[in-house]
Amino acid sequence: MAVVSAQNALAKSAAKLEKHINLLKYTIFCLSIVIWIMGIFLWGYVVYSRLDTTLQEWVDALEIWQVYLGLYVLIFASIVVIIAPFLSCFAVYQELSQLLMANAGVHLFSFFVLLLGSAVLLENTTTGSGIVSSIRESMTNLIMQSQNEYATNTLNMIQESIGCCGADGPNDYLSLRKALPTECRDTVTGNAFFYGCADEVTWFLEDKSRWTTNIAISIAALEMLICVLSVILVKALQKEEKFNYNR
């Protein structure tokens with residue numbers, strides 16, 4: 001009787017473990033689909049941002065090419081994100097510990113690359129970052145060279161399109177003894193724009209990067225979750241092997 005009871009208890013434990021394993025497999029499979037869809041969306045959005053002609057004009061005019069660094073890292077990260085779910089599904093289907101651990105490693109790598117790309121992008125597109133001083137320096141140089149046709153056209157393009165004046169405001173022209181251009185004035189009121197282009201351009205970049213980094217960090221959280229679940233599944237499969245051996 002004791003032997004039968006022990007066998008029944010072992011069978012119940014094995015059945016419970018099998019349900020646990022199936023739940024883990026389905027969860028990883030579903031998360032992989034979600035990550036794959038989000039990865040495609042991230043890739044499309046980042047590539048669109050990189051090819052945005054308005055952004056390209058401002059970056060080239062102000063010589064702030066460091067804005068692209070974070071986008072390049074996130075493009076690479078999104079490609080890894082798109083590929084990784086296929087490994088997840090294959091590893092789950094095969095139920096091989098080696099593949100599952102490799103899967104965990106790939107998702108962990110993807111997690112860090114997504115965070116790196118987000119950090120680099122924010123470092124070069126947000127208020128308080130180094131991009132502000134770079135824009136300020138470029139705008140000041142353009143104002144000083146405003147007798148040059150290219151510099152004048154560039155200033156007009158930036159100031160008129162986003163409604164800003166100088167690097168930090170109209171006083172930049174006055175301090176450099178330059179005439180205040182009409183592009184620095186509101187076409188309705190005739191008053192000079194209060195904010196400088198260093199702030200306005202940064203706010204524009206920050207608004208674009210906020211959406212990108214929100215998506216990237218959300219995917220990174222799911223990547224870490226799959227990494228943890230893969231390790232748990234490996235432990236569960238190893239435990240199942242012991243059950244089968246004991247039976």
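Residues numbered from 1 in each chain as written. Predicted model: local features only at pLDDT ≥ 70, side-chain atom pairs only at ≥ 80, totals over all residues. Heavy atoms only, no water.

Colleague: Could you clarify how one ought to interpret the side chain of Ser-49 in this entry?
Modeller: Secondary-structure assignment places Ser-49 in helix α1 (residues 2-51). If we skip the residues at most four places from it in the chain, Ser-49 touches Leu-55 and Leu-71. (Helix = DSSP H or I, 4+ residues; strand = E, 2+ residues; numbered from the N terminus. Contact = heavy atoms within 4.5 Å.)

Colleague: Can you walk me through the state of the cysteines in this structure?
Modeller: When the sulfur atoms of two cysteines share a covalent bond, that bond is a disulfide. Tallied over the entire structure, the rule returns two disulfides. Paired through a disulfide, Cys-164 and Cys-197 show a sulfur-sulfur distance of 2.0 Å. In this structure the cystine formed by Cys-164 and Cys-197 twists about its S-S bond by roughly 85 degrees; its chirality is therefore right-handed. Taken together, the positions of Cys-164 in the loop between α6 (149-162) and α7 (171-175) and Cys-197 in helix α8 (residues 197-246) put the pair 33 residues apart, joining distant regions of the chain. (Disulfide = S-S within 2.5 Å.)

Colleague: Help me out: how do you make sense of the nonpolar core in this one?
Modeller: Here is a general trend for soluble globular proteins: nonpolar side chains tend to be buried in one another's company. In terms of nonpolar packing, the biggest core is built from 58 residues, with Leu-114, Met-139 and Ile-158 touching the most fellow members. When contributions to this core are tallied by element, the ones reaching two or more residues are α1, α2 (53-62), α3 (67-94), α4 (97-123), α5 (130-144), α6 and α8. At 15 residues, the largest contribution of residues to this core is made by α8. (Core = buried A, V, L, I, M, F, W, Y, C linked by side-chain atoms within 4.5 Å. Buried < 20%, exposed > 50% of the residue type's maximum accessible area, 1.4 Å probe, protein only.)

Colleague: Would you mind going over α5 with me for this structure?
Modeller: Structurally, the α-helix is built with 3.6 residues per turn, so residues lying three or four positions apart point the same way. Taking 1.5 Å of rise per residue, 15 residues should cover 21 Å, and α5 covers 22 Å from first to last C-alpha, within 8% of that figure. Among all positions in α5, only Ile-131, Val-132, Ile-135, Ser-138, Met-139, Leu-142 and Ile-143 are buried. An end-on view of α5 places all buried positions within 135 degrees of arc, on one side of the element. (Expected span 1.5 Å × (residues − 1). Arc of directions from axis to C-beta.)

Colleague: When you look at the environment of Ser-118 in this model, what are you seeing that I'm missing?
Modeller: Position of Ser-118 among the secondary structure elements: in helix α4. If sequence neighbours within four positions are ignored, Ser-118 has contacts with Leu-74, Thr-213, Ala-216 and Ile-217. There is a polar contact of 2.9 Å between the side chain of Ser-118 and the backbone oxygen of Leu-114. (Polar contact = N/O pair within 3.5 Å; in protein donor to acceptor, adjacent residues only side chain to side chain.)

Colleague: Looking at this structure, I do not really get a nonpolar patch on the surface. What am I missing?
Modeller: Together, Phe-29, Ile-33, Trp-36, Ile-37, Ile-40 and Phe-86 line one region of the surface with nonpolar side chains, adding up to about 560 Å² of accessible area. With five residues, the single largest contributor to the nonpolar patch is α1. One can find Ile-37 in helix α1. (Patch = residues over 30% accessible without salt bridge, like charges linked within 9 Å, V, L, I, M, F, W, Y side chains within 5 Å. Areas by Shrake-Rupley, 256 points an atom, 1.4 Å probe, with all protein chains shown as cover. Salt bridge = Lys/Arg side-chain N within 4 Å of Asp/Glu carboxyl O.)

Colleague: Even after reading the chapter, I still don't get the packing of aromatic side chains, so can you show me in this structure?
Modeller: The relation between two aromatic rings is expressed through the spacing of the ring centres and the mutual angle of the planes. In the structure shown here, the tally under the stated rule is eight aromatic pairs. When the centroid spacing of 5.3 Å and the interplanar angle of 75 degrees are considered together, the rings of Phe-111 and Phe-112 count as edge-to-face. Residue class for Phe-111 comes out buried when judged on its relative accessible area of 15%. The structure contains a cluster of three or more aromatic residues connected by ring pairs, namely Phe-194, Tyr-195 and Trp-203. The ring of Tyr-68 has Arg-50 sitting right over it, with the charged end atom 3.7 Å from the ring centre. (Phe/Tyr/Trp six-rings, centres within 6.5 Å; stacked < 30°, edge-to-face > 60°. Lys NZ or Arg CZ within 6 Å of the ring centre and 35° of its normal.)

Colleague: Where do I start with the UniProt feature "transmembrane region" (unreviewed entry) in the protein in this structure?
Modeller: Here, the residues flagged by UniProt with the feature "transmembrane region" (unreviewed entry) are residues 26-48, 68-93, 100-122 and 215-237. Between the first and last C-alpha atoms of residues 68-93 the distance is 39 Å; the span itself is 100% helix and 0% strand. Annotated as residues 215-237, this span is 100% helix and 0% strand, and its ends, taken at the C-alpha atoms, are 33 Å apart. (UniProt positions renumbered as here; feature names shortened; annotations may be inferred.)

Colleague: Looking at this structure, how should I read the packing of α2 against α6?
Modeller: The angle between the axes and the distance between the axes are what describe a pair of packed helices. At a closest axis distance of 11 Å, the pairing of α2 and α6 adopts a crossing angle of 135 degrees. The pairing of α2 with α6 is recorded here as oblique in orientation. Between α2 and α6 lies a crossing whose hand is left-handed. Across the interface between the two elements, Glu-57, Trp-58, Ala-61 and Leu-62 from α2 touch Tyr-150, Thr-154, Met-157, Ile-158, Ser-161 and Ile-162 from α6. For the contact of α2 with α6, a count of residues per class yields seven nonpolar, two polar and one charged. (Axes fitted to C-alpha atoms, helices over the stretch in contact; angles between N-to-C directions. Parallel < 35°, antiparallel > 145°, perpendicular 65-115°, else oblique. Left-handed = near helix turned anticlockwise from the far one by under 90°. Nonpolar A, V, L, I, M, F, W, Y, C, P; charged D, E, K, R; others polar.)

Colleague: Looking at this model, I keep getting lost on the confidence of the model for the protein. Mind explaining?
Modeller: Low pLDDT means the predicted coordinates in that region are not meant to be read closely. Mean pLDDT over the protein stands at 84; residues scoring 70 or higher make up 90%. The least confident element of the protein is α1, whose mean pLDDT is 79; the most confident is α4, at 91. (pLDDT = per-residue confidence, 0-100.)

Colleague: Can you help me understand the pattern of salt bridges in this one?
Modeller: Pairing is possible between side chains of opposite charge, provided their charged atoms come close. Across all of its chains, the model carries three salt bridges by this definition. Between Arg-210 and Asp-207 there is a salt bridge; the shortest N-O distance is 3.1 Å. In this pair, Arg-210 and Asp-207 both sit in helix α8, three residues apart, roughly one turn of the helix.

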